[in-house]
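Architecture at a glance
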Amino acid sequence: MTVRIAPSILSADLAHLMDEVERVLAGGADQIHVDVMDGHFVPNLTWGAPVVAALRRFTDAPLDCHLMVEHPEAYIVPFAEAGATFLTIHVEATPHLERHLAEIRRHGMRPGVALNPATPLTTIEEIVDELDLLLVMTVNPGFGGQPFWDPAIDKVRRARALLEQRDSRACLEVDGGVTRETIHHLAAAGADTFVSGTAIFTAADPSAEVRELRRLAEAGAGGRTVTR
Ligand code: DX5
Ligand code: ZN
């Protein structure tokens, strides 16, 4: 299993965003996680496609865009034009998941689906084959720095089993409260892509923190019997 570390710029110093991104990429970050919040789907407001376009002008790194918005279909074309790599939408945000995932792929991006803590895995069983990424939220979305939701470990284990059963190559991503304390357990449960905001950007040395999180995740993943 390949471990991917995805620093979330939600916790970065926005006055020096590109410097912050450069630091985590220097530490070996695999992709940059961009949290898009609309003040409706979640009670917080961040940024949209122009920030993705600015990041794309700065780096070739994959941009892992997490849409916490209502009407996610309205953002597909702007994010494609801005240079998003992954576009992840929430299952709770739309009744037309399959249609929007197909449209994301048609626009050259890699489709992902996110599940809030209270949303069961059964909601995505029918569309597993359409996914390049499955995001199991490990906090309720909306803010950085929240405490980790412990039952997520078992949900990640069941999500990995579902992906294996369907022979899916989708990334299994976790987001929220991913720290030195939790990452090992998440990797052992089968997660392979780790979003982390506060832990990385409040560290004295964000580059070193990326390396340390990777080391701990690889150790956790090493405890798994099935690898891919
Ligand atoms: C939460 C966001 C996360 C957030 C994680 O709604 O989706 O990506 O930045 O932040 P930490 O790592 O601080 O929990
Ligand atoms: Zn996120």
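Scroll up to find the structure.
The sections below set out a description of the structure shown in this document. (Residues numbered from 1 in each chain as written. Chains lettered and ligands numbered in written order. Predicted model: local features only at pLDDT ≥ 70, side-chain atom pairs only at ≥ 80, totals over all residues. Heavy atoms only, no water.)

**Things to note about the coordination of the zinc ion (ligand 2)**
Note the following rule: For Na, K and Ca the donor cutoff is 3.2 Å, while for all other metals N, O and S atoms count as donors only within 2.8 Å; water does not appear among the atoms, so some sites may look incomplete. Geometry assignment treats four donors as tetrahedral when all angles are between 85 and 135 degrees, treats four as square planar and six as octahedral when opposite donors are over 155 degrees apart and all others between 65 and 115, and treats everything else as irregular. Each residue is assigned to one of three classes by its accessible area relative to the maximum for its type, calculated with a 1.4 Å probe on protein chains only: buried under 20%, partly exposed between the two thresholds, exposed over 50%.
For the zinc ion (ligand 2), every protein donor is listed as H33 (NE2), D35 (OD), H66 (ND1) and D175 (OD), and the spread of their distances is 2.0 to 2.3 Å. For the zinc ion (ligand 2), the six donor atoms in the first shell make angles of 68 to 169° at the metal, so the coordination geometry reads as octahedral. Read in sequence order, the donor residues coordinating the zinc ion (ligand 2) give the pattern H-x1-D-x30-H-x108-D. Here H33 and D35 have matching classes, each one buried.

**Some details on the site of ligand 1**
Cut-off, in case you're wondering: Working definition: residue near molecule or strand if any one of its non-hydrogen atoms lies within 4 Å of it. Think of a polar contact as two N or O atoms within 3.5 Å of one another; within protein, one of them needs to be a possible hydrogen donor and the other a possible acceptor, and neighboring residues in sequence only count if both atoms come from side chains. Note on areas: Shrake-Rupley with a 1.4 Å probe; residue coverage comes only from the protein chains shown. Cavity and pocket criteria rest on a 1 Å grid covering protein atoms alone: a 1.4 Å probe that fits but cannot get out defines a cavity, protein on both sides within 12 Å along at least 5 of 7 lines defines an open pocket, and an atom within 4 Å of a point defines a lining residue. Criterion for pocket placement: a molecule counts as inside a cavity or pocket if more than half of its atoms are within 2 Å of its grid points. Secondary structure follows DSSP: runs of H or I at least 4 residues long count as helices, runs of E at least 2 residues long count as strands, and numbering of each begins at the N terminus.
Lining the immediate surroundings of ligand 1 are 20 residues, of which D35, G142, G145, D175 and T198 lie closest. At 2.6 Å, a side-chain N or O of D35 approaches an oxygen atom of ligand 1. For ligand 1, an oxygen atom lies 2.6 Å from a polar atom in the side chain of D175. Compared with its free state, where it exposes 380 Å², ligand 1 has 99% of that area covered by protein. The cavity that encloses ligand 1 is the largest pocket. Secondary structure elements with two or more residues in the shell around ligand 1: β2 (32-37), β3 (63-68) and β8 (193-196). In terms of residue count, the dominant contributor to the shell around ligand 1 is β2 (three residues).

**Quick notes on the packing of helix α1 (residues 17-26) against helix α8 (residues 206-222)**
Keep this limit in mind: Lines fitted to C-alpha atoms define the axes, with helix axes restricted to the stretch in contact, and inter-axis angles between N-to-C directions lie between 0 and 180 degrees. When an angle is under 35 degrees it counts as roughly parallel; over 145 it counts as roughly antiparallel; between 65 and 115 it counts as roughly perpendicular; any other value is oblique. Handedness of a crossing follows from how the near helix is turned relative to the far one, being left-handed for an anticlockwise turn of less than a right angle and right-handed for a clockwise one. What makes two residues a contact is simply this: any of their non-hydrogen atoms within 4.5 Å. Side-chain classes are defined by residue name, with Ala, Val, Leu, Ile, Met, Phe, Trp, Tyr, Cys and Pro counting as nonpolar, Asp, Glu, Lys and Arg as charged, and the others, Gly among them, as polar.
At their nearest, the axes of α1 and α8 sit 7 Å apart, and the two run at 40° to each other. It follows that α1 is oblique to α8 by the angle criterion. Seen along the crossing, α1 lies across α8 with a hand that is right-handed. Contacts from R23, V24 and A26 of α1 reach α8 at P206, S207, V210 and R211. Residue composition of the contact of α1 with α8, by class: four nonpolar, one polar and two charged.

**What to know about the nonpolar core**
Formally: What we call a nonpolar core is a set of buried Ala, Val, Leu, Ile, Met, Phe, Trp, Tyr and Cys residues that are connected through their side-chain atoms within 4.5 Å.
In this structure, F79, I124 and F194 are the most contacted members of the largest nonpolar core, which totals 64 residues. When residues in this core are grouped by element, the largest group, six residues, is from helix α5 (residues 152-165). Here F79 is in contact with V36, G48, A49, V52, C65, L67, A84, L87 and M109, once residues within four sequence places are set aside.

**Things to note about the packing of aromatic side chains**
Using the following cut-off: Only the six-membered ring of Trp is used, alongside the rings of Phe and Tyr, when aromatic pairs are assigned; centres must lie within 6.5 Å, and planes under 30 degrees apart are stacked while those over 60 apart are edge-to-face, with the rest tilted.
By the definition in use, this model includes one aromatic pair. Summarising the aromatic geometry, the rings of Y75 and F79 are spaced 6.4 Å apart at their centres and angled 65° between planes, so their arrangement reads as edge-to-face.

**Quick look at unusual backbone geometry**
Although it is not a glycine, H71 adopts a positive phi angle of roughly 50°. By secondary structure assignment, the location of H71 is in the loop between β3 and α3 (76-82). Positioned with a positive phi, D167 is a non-glycine residue whose angle comes to about 55°.

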